[in-house]
Amino acid sequence: MSAIIEAKNLVFRYQENEEDGTPKKQEIPVLKDVSLSIEKGSFTAILGHNGSGKSTFAKHINAILVPDEGKVYVDGMDTADEENLFAIRQKAGMVFQNPDNQIVATIVEEDVAFAPENLGVAPDEIRRRVDDALKAVKMYDYRSHAPTQLSGGQKQRVAIAGVIAMQPDCIILDEPTAMLDPQGRQEVMDTIRRLNRKKGITVVLITHYMEEAALADRIVVIDDGRVLLDDVPKKVFAQVETLQRVGLDVPQVTELAHLLRQEGIEIEKDIISAEECVAALEALLEKNRK
Amino acid sequence: MLKDITLGQYFPIDSVLHRMDPRFKIIETMLFIVLLFMGSSFWILALGAVFVLLARQLSNIPMKMIWKSVKPILHILAVTAVLNLLFIDDGDVLFQWKLLKVTEGGITTSLFMMIRIVLLIIGSSLLTYTTSPILLTDAIESLLSPLKRVKFPVHEMAMMMSIALRFIPTLLEETDKIMSAQKARGATLDNGKLTERAKALIPILIPLFVSAFRRAEELATAMECRCYRGGEGRTRLRTLKAAPRDYIGFAVCLLFLAAAAVLNILL
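Residues numbered from 1 in each chain as written. Chains lettered and ligands numbered in written order. Predicted model: local features only at pLDDT ≥ 70, side-chain atom pairs only at ≥ 80, totals over all residues. Heavy atoms only, no water.

Student: An account of the packing of helix 3 (residues 42–59) of chain B against helix 10 (residues 244–266) of chain B is requested, with residue identities and associated values reported.
Tutor: Residues and elements named next belong to chain B. Where helix 3 contacts helix 10, the two axes come as close as 9 Å, and the packing angle between them is 165°. Judged on the interaxial angle alone, helix 10 and helix 3 are roughly antiparallel. The element helix 3 and its partner helix 10 pack so that their crossing is right-handed. Residue-level inspection shows Trp43, Ile44, Leu47, Val50, Phe51 and Leu54 of helix 3 in contact with helix 10, the latter providing Val252, Cys253, Phe256, Ala259, Ala260, Leu263 and Asn264. When the residues that make up the contact of helix 3 with helix 10 are grouped by side-chain class, the tally is 12 nonpolar, 1 polar and no charged. (Axes fitted to C-alpha atoms, helices over the stretch in contact; angles between N-to-C directions. Helix = DSSP H or I, 4+ residues; strand = E, 2+ residues; numbered from the N terminus. Parallel < 35°, antiparallel > 145°, perpendicular 65-115°, else oblique. Left-handed = near helix turned anticlockwise from the far one by under 90°. Contact = heavy atoms within 4.5 Å. Nonpolar A, V, L, I, M, F, W, Y, C, P; charged D, E, K, R; others polar.)

Have a look at this one:
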């Protein structure tokens, strides 16, 4: 498989301003040497606590920010090159945290049409893309509703449809579930997984929910502007202590298994779902009975 | 309490007038206004009334809604009527008390003015009742597009209007939340003198403004991420297309205008 996103020795600093508006001499480094490559069609979760630089990294993929040092390539295109800007944004769509602040139009289907309209797609083709995108996020029945009539989860799905209508190869979601209730969160996560599995869209999910990250093929943990861990979920969550040291939790079942192991009970290290946990506990009890 | 402010006054049913091209409807409304101001004969108003009745028939807007559009201007109507009645000195004096006198001319003029204003209001409400705000914006953008030649930012203006429409309910909801939050901290918003109440608005307006700016910034980023780069080379999902009925409607409109012109010459 080939890499669609490639970050090489990425460094980014924020410039803070003094009270009078002049830039401070000292810049605050947010990303310190991040190198990462993301495969086409994969589902990668980027984990990190607040201020770890995970959102800043996401903004680099979409060329909202450009690196101070190092390079970011999206499908072979350098994000620092202005000429590539719209081509990159079309390849790698971005979904933000607050669904309210990314919906532009007063009607669902008009909003989904916004990106193809900007790209100058012909009206018939826009209609087709809008319908496809709305069906892909299961919001087709709501196409003529006003966004204000929808729940948070539904709005976020419309926002995702708005990005899919560009027909991107990759979507980056920056904490898309942070402002939603549990049901909305479930809806959005189901949608993301379906898009990844069925349509083969590369997904980069920025999150701090462990349960969401556990659904990914690969987890990258970013801490203090550096890649701390980068592996499949089972291996990442097995490092309970490392994660807790950087202010991250592990899924509850993983923590349970970890605590049991500390008590000297021999249970697998790599439990990340409730089903696995139940199975492992059952097996243990079975063994003890014999 | 803020929930019941409806956006615009679009009345969503299906009718011939609803389906007509909004651009034509705007021009026709303007022609109608021209017609009303063409002369001072009651025949012209009668013509206008026939036109409005015809349009209402085609729009299926219930009479109740038409009444609702006239109701808010009743007091303005009353004031104009009284002023015309007292200050127009023309024809036989019917009634005199000290300096105030009512003349025949005063009565006809005030009646004329009242009917003209009522027709004007009903005619323009029919436009907003049958056209959704988005279509209105699209139509204005399309009608103003010749101004692009003189570098007038037509697309930007239309975009601003539609974004404003989109955010009105969101910001109203937010205002409601902020008001509840301030009330929970002991702010009194509903009573006190006018100056006190005005002062009490400050802690509501400031957070609202701050959040509106934050929203604006996020929205701008989100729009750029969806490849927005102004009106240049932009296509639309829904394009306005004139149908035969639009041309017929326009012809009828011109016919009325011509009739009014003829009446004007004859009378």
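Student: Just give me the short version of the interface of chain B and chain A, but keep the residues and values in it.
Tutor: If you look at the interface, chain B gives 27 residues, while chain A gives 35 residues. Roughly 3,000 Å² is buried in total at the junction of chain B and chain A, and carbon and sulfur atoms are behind 55% of that figure. Considering only the surface of chain B that becomes buried against chain A, Arg166(B), Arg226(B) and Leu237(B) emerge as the three largest contributors, covering 29% of it. For the pair chain B and chain A, the number of links is 8 salt bridges. The partner of Arg236(B) in a salt bridge is Glu117(A), and the shortest N-O contact between them spans 3.3 Å. Taken together, the links from chain B to chain A amount to 16 residue pairs in polar contact (both at pLDDT 80 or more). Those elements that place two or more of their residues in the side of chain B that touches chain A are helix 8 (154–184) and helix 9 (194–225) of chain B. Looking at the side of chain B that touches chain A residue by residue, the classes come out as 13 nonpolar, 5 polar and 9 charged. (Buried area = accessible area lost by both parts, 1.4 Å probe. Salt bridge = Lys/Arg side-chain N within 4 Å of Asp/Glu carboxyl O. Polar contact = N/O pair within 3.5 Å; in protein donor to acceptor, adjacent residues only side chain to side chain.)

Student: I'd love a proper account of the pairing of strand 2 (residues 100–103) of chain B, names of residues and values included.
Tutor: Residues and elements named next belong to chain B. Of the pairings in the sheet, the one linking strand 1 (residues 93–97) to strand 2 comprises 4 bridges and is antiparallel in character. Opposite Trp97, over in strand 2, you have Leu100 as the bridge partner. Following strand 1, the chain reverses through 2 residues before pairing antiparallel with strand 2; Lys98 in that reversal takes a positive phi of roughly 50°. (Pairing = 2+ DSSP bridges.)

Student: Quick one: what's the story with the domain arrangement of chain B, residue by residue and with numbers?
Tutor: Split by domain assignment, chain B resolves into domain 1 (16–131 + 241–266) and domain 2 (153–225). If you average the C-alpha positions of domain 1 of chain B and of domain 2 of chain B, the two centres end up 37 Å apart. (Domains from an automatic or database assignment.)

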